[in-house]
Amino acid sequence: MSYTHLITVDELMQLQASGAPLLVFDCSADLADRAKSDAMYAGKHIAGAVRADLERDLSATRAEDAVNGGRHPLPKRELLAQWLQGLGMNNDTQAVVYDRNGSAFCGRLWWMLKWAGHDAVAVLDGGLAAWEAAGGATENGPAAARAPGSFSLREPLRRLVLTDEVASGLGRPVQTLVDARAEARFRGDEEPLDPVAGHIPGALNRPFGANFGEGGKFKSPAMLKAEWAQLLAGRDAASVVHHCGSGVTAIPNALAMELAGYAPVGVYAGSWSEWCRTPGLACARG
């Protein structure tokens, strides 16, 4: 059995005990202080987990390595595969991702692995807090060295949407943009990270935190279905394209839609940070 969306603490403990091929990724991050991201991992992480740094591992650090723009551009799939190989990842490995940020960041790697053609990846529901509350083993210090893996790319299982496609779909029923940022940033009341405040014209707003309930765990599929149906208000769910500020916190929305029973839809990874920096593109406020 493979886990493709969520995994509970109990299920992860059983997997660890079974000896099945498994790789756990700590995706915790501090966007205001990159050094703290590594310090969090070094100070405490799930026993056996490896580090996945948002800036260094899950984003391209050079323009020539990126497939899109924005503050956290995706690296080319070939570079992602090389990084995974270096961590000992194989195509039969069950991947589990988590963070200590309310699952705001670990979904990035969940989506990237799907984009690399790897379906056996799941988000640890409730993250590190749920793991510790259940008495799960933790450790500190650097990750142990691992023998290289043989991970190879397969056909993408999720759709990456680029700026030109978003621009061409504006105002057409074939595209429903959903922005995962907080309401104040969506309206343009404030913008702490990007040079322009506001949102892509016509976008709907669903702050990613709305998908979580008690203990930082995802709401029930039935509740998510009702809330997403209310947001879409009759629009074709298949037309949805998720985005946020830089393509990271859009993923809890994408995952929540799938938990609610909808088929996978597109993700505009460049998001607002690429859109608002692209000359000639309209920006809305309010």
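Note that this is a predicted model, so its numbers are computed, not measured.

Rules of the game
Residues numbered from 1 in each chain as written. Predicted model: local features only at pLDDT ≥ 70, side-chain atom pairs only at ≥ 80, totals over all residues. Heavy atoms only, no water. Phe/Tyr/Trp six-rings, centres within 6.5 Å; stacked < 30°, edge-to-face > 60°. Helix = DSSP H or I, 4+ residues; strand = E, 2+ residues; numbered from the N terminus. Buried < 20%, exposed > 50% of the residue type's maximum accessible area, 1.4 Å probe, protein only. Lys NZ or Arg CZ within 6 Å of the ring centre and 35° of its normal. 1 Å grid on protein atoms, 1.4 Å probe; cavity = no way out; pocket = protein on both sides within 12 Å on 5 of 7 lines; lining within 4 Å. Points joined across faces, edges and corners; volume = space filled by probe spheres on them. Nonpolar A, V, L, I, M, F, W, Y, C, P; charged D, E, K, R; others polar. Pairing = 2+ DSSP bridges. Core = buried A, V, L, I, M, F, W, Y, C linked by side-chain atoms within 4.5 Å. Contact = heavy atoms within 4.5 Å. Arc of directions from axis to C-beta.

Chemist: Can you tell me about the packing of aromatic side chains, naming the residues and giving the values?
Modeler: Tallied over the full model, the rule gives 3 aromatic pairs. Ring geometry for Phe25 against Trp83: centres 5.9 Å apart, planes inclined by 45 degrees, an arrangement best described as tilted. Within this pair, whereas Phe25 is found in strand β2 (residues 22-26), its partner Trp83 is found in helix α3 (residues 77-86), the two being separated by 58 residues in sequence. Each member of the pair, Phe25 as well as Trp83, is classed as buried. Arranged with centres 4.5 Å apart and planes meeting at 50 degrees, the rings of Phe212 and Phe218 form a pair that is tilted. Of the two residues, Phe212 and Phe218, neither departs from the other in class, the shared state being buried. One cation-aromatic arrangement involves Lys225 over Tyr262; the distance from NZ or CZ to the ring centre is 4.3 Å.

Chemist: Let's hear about the layout of surface pockets: which residues, and what values?
Modeler: In this structure, the largest pocket spans a volume of roughly 260 Å³. Class assignment for the residues of the lining of the largest pocket results in 11 nonpolar, 5 polar and 3 charged.

Chemist: Account for the sheet that holds strand β8 (residues 160-161), naming residues and giving values.
Modeler: Here we have 5 strands laid out as an open sheet, ordered β8-β12-β11-β9-β10, and parallel in their pairing. Whereas interior strands pair on both sides, the edge strands pair on one side only; in this sheet they are β8 and β10 (204-205). Of the strand pairs in this sheet, strand β9 (residues 176-179) and strand β11 (residues 240-243) are connected by 4 bridges, and their pairing is parallel. By the bridge assignment, Leu177 is partnered in β11 with Val241.

Chemist: Tell me what's going on with the nonpolar core, and back it up with residues and numbers.
Modeler: Membership of the largest hydrophobic core comes to 52 residues, with the highest contact counts inside it found for Phe25, Trp83, Val97 and Leu109. Sorting the residues of this core by element identifies β2, α3, β5 (94-98), α4 (106-115), β6 (121-124), α8 (221-232) and α9 (250-259) as the ones contributing at least two each. The biggest single contributor to this core is α4, with 7 residues. Excluding anything up to four places from it in sequence, Trp83 contacts Phe25, Arg51, Ala52, Asp57, Leu58 and Leu109.

Chemist: Account for α3, with residues named and values stated.
Modeler: Arg77, Leu80, Ala81, Trp83 and Leu84 are the residues of α3 that are buried. Angularly, the buried residues of α3 cover 160 degrees about the axis, an arc narrow enough to put them on a single face. Lining the buried residues of α3 we find β2, β4 (50-51) and α4. Looking one or two residues past α3, Gly88 carries a phi angle of roughly 90 degrees, positive in sign.

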